[in-house]
Amino acid sequence: MKRDKHEKLMDLAKRRGFIWPSFELYGGVGGFYDFGPLGSVLKEKIIRKWREYYVIREGFFEIDSPSILPEEVLKASGHVDHFIDLMTECQKCGTPFRVVDVIKEVTGEDIEGMPREEVQKFMDEKHVRCPDCGGELGSIFEFNAMFRTMIGPGTKRIGYLRPETAQTIFIDFKRLHRYARGKIPFGIVQIGRGFRNEISPRQGIIRLREFTMAEAEVFFDPQDPHHPKFSNVAGKKIRLWLASDQEKGKTETMEIKAEQAVKNGIVCNELMAYYIVLTKHFLIDLGIPEGAIRFRQQTPGQRAHYSSETWDAEVLTERFGWVEVAGLAYRTDYDLRRHSEFSGEDLSVFLPEERRKVICHVIEPSYGIDRTFYCVLEHSFVQEGNRTYLKLKRELAPIEAGVFPLLNRDGLPEKAITVLESLRLKGFHVEYDESGSIGRRYARADEVGTPYCVTIDHQTLEDDTVTIRDRDTTAQVRVKIEELPKALNLLLREGAALQDVGVPMGL
Ligand SMILES: [Zn+2]
């Protein structure tokens, strides 16, 4: 059987140290993945890019708080009562299923958001049976997808692993508002692990039980939902798939300028439209092609309990179809109001110029980093003839340059090591390889997306020059060793072209 792109990519990802299923030694547990030596660096670089967008450019403040939350927080947030999946179990083989997933798998239909009463009827009418053994499925029941634990000994204090990082941002609202000098709008971000006890995760890294999220909560006055930099994005086009079209079974999307989408009432306000455009740019910046990005409006039944409007940023993949990599939710004043009620603390703010009190509303762009990671890998995977490589953006590549002696003798390895060490001291993530032919070493470097290879040859010993080879074009230039750090810096961080940093060589 011919292997598809996903299988080839996952083979590469496991073999070359990007990702692999966790706990393999003990047979593995679904929904958990390890990031290997290269995967960890790539993931970190995706997060760094996210910080560039939200912390540096938007000027948002970052916090870092616990992953375990006491029950009262999640009672107030509604997760104890509403973070529920409908489940069923095979009566024959005992396999548990998330109802929405098993229906999708068996019938191809997406029933996310269908009222509970109708779901059972739908299952019966369609004769949905166990996809594993064909057995009958039992009646549906509710399952809270949070991991429950105890805080301290005994069972007095219940805690949960957080299902989202957002909640502690709401809890800390007063301190953070003060830190922002009492001004709104302001934004707070948190990057960290989220947990969701998925019933039967079958989609590899797309559906994880422990995942990394990057969330931003933008607090604003509901009477003034403007972004100060909206004019920068007003004319940018966004591709939307409206909830009303989905409900009619229409698969067409619409392209519209951000400004127009707000004016026509398609997108709720400027802030939402601004972060939709920002998300699109972020994904493009990671190497996702514009044509593989769309924003799907969740239907009322699909939305989380706290949201009045949600847009999912989706990326088209070969194996999984359109994958949600980020959700932009209009959480209104839901969370702050609920935490005010449950804690007894007044979490409203006073607007001195207008002499009125307001509970801030919230727009939340929330990104799944692991899914984004997968989409970046899939979209960078290139097969040309018998050459396979990852065309990762230069600034994302886990290894920035390979350093190779042309031959494993004549003093070339020793010289190459001095070059390697000098680059490491300058902060470059470089790797040394001396085994096998130079062609095979180039191929190995290309396979993991290393954008440049520096080769030390006999000429190096005469005139202290080395070659730099480009992954995508395989073109080479020659540069002086003393100028190598500057050249790599221009290539990796300034987007310079290869011919601008050295003397081109004939092939
Ligand atoms: Zn079964």
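Quick caveat, the model's predicted, so the values are computed rather than measured.

A. Expanded view of the coordination of the zinc ion. Around the zinc ion, the donor atoms from the protein are Cys90 (SG), Cys93 (SG), Cys130 (SG) and Cys133 (SG), and they sit 2.3 to 2.4 Å away. For the zinc ion, the four donor atoms are set out with angles of 101 to 115° between them, so the coordination reads as tetrahedral. Sequence positions of the residues that donate to the zinc ion give the spacing C-x2-C-x36-C-x2-C. A residue pair is termed long-range when its members are at least 10 positions apart, and Cys90 in the loop between strand 5 (84-89) and strand 6 (96-98) and Cys130 in the loop between helix 6 (116-125) and strand 7 (141-144) qualify at 40 residues. Take Cys90 and Cys130: they sit in the same class, and that class is buried.

B. Main features of the pairing of strand 24 (residues 452-456). When you tally the buried positions in strand 24, you get five out of five residues, the bulk of the element. Burial of the side chains of strand 24 extends over both faces: Tyr452, Val454 and Ile456 are buried on one face and Cys453 and Thr455 on the other. The sheet contact formed by strand 22 (residues 401-405) and strand 24 spans five bridges and is parallel. Pairing of Pro405 across the sheet is with Ile456, part of strand 24. Where strand 24 lies against strand 25 (residues 465-470), four bridges are found, and the strand directions are antiparallel. Residue pairing across strands places Tyr452 opposite Asp470, the latter belonging to strand 25.

C. Highlighting the packing of helix 2 (residues 37-57) against helix 12 (residues 270-285). Direction vectors running N to C along helix 2 and helix 12 enclose 145°, while the axes themselves pass 11 Å from each other. Like other packed secondary-structure pairs, helix 2 and helix 12 cross with a definite hand, here right-handed. Here Ile46, Lys49, Trp50, Tyr53, Tyr54 and Arg57 of helix 2 lie close against helix 12, whose contacting residues are Tyr275, Leu278, Thr279, His281, Phe282 and Asp285. When its residues are assigned to classes, the contact of helix 2 with helix 12 shows seven nonpolar, two polar and three charged.

What counts, and at which threshold
- Residues numbered from 1 in each chain as written.
- Predicted model: local features only at pLDDT ≥ 70, side-chain atom pairs only at ≥ 80, totals over all residues.
- Heavy atoms only, no water.
- Donors = N, O, S within 2.8 Å, 3.2 Å for Na, K, Ca; no water.
- Tetrahedral: all angles 85-135°; square planar, octahedral: opposite > 155°, others 65-115°.
- Helix = DSSP H or I, 4+ residues; strand = E, 2+ residues; numbered from the N terminus.
- Buried < 20%, exposed > 50% of the residue type's maximum accessible area, 1.4 Å probe, protein only.
- Pairing = 2+ DSSP bridges.
- Axes fitted to C-alpha atoms, helices over the stretch in contact; angles between N-to-C directions.
- Left-handed = near helix turned anticlockwise from the far one by under 90°.
- Contact = heavy atoms within 4.5 Å.
- Nonpolar A, V, L, I, M, F, W, Y, C, P; charged D, E, K, R; others polar.

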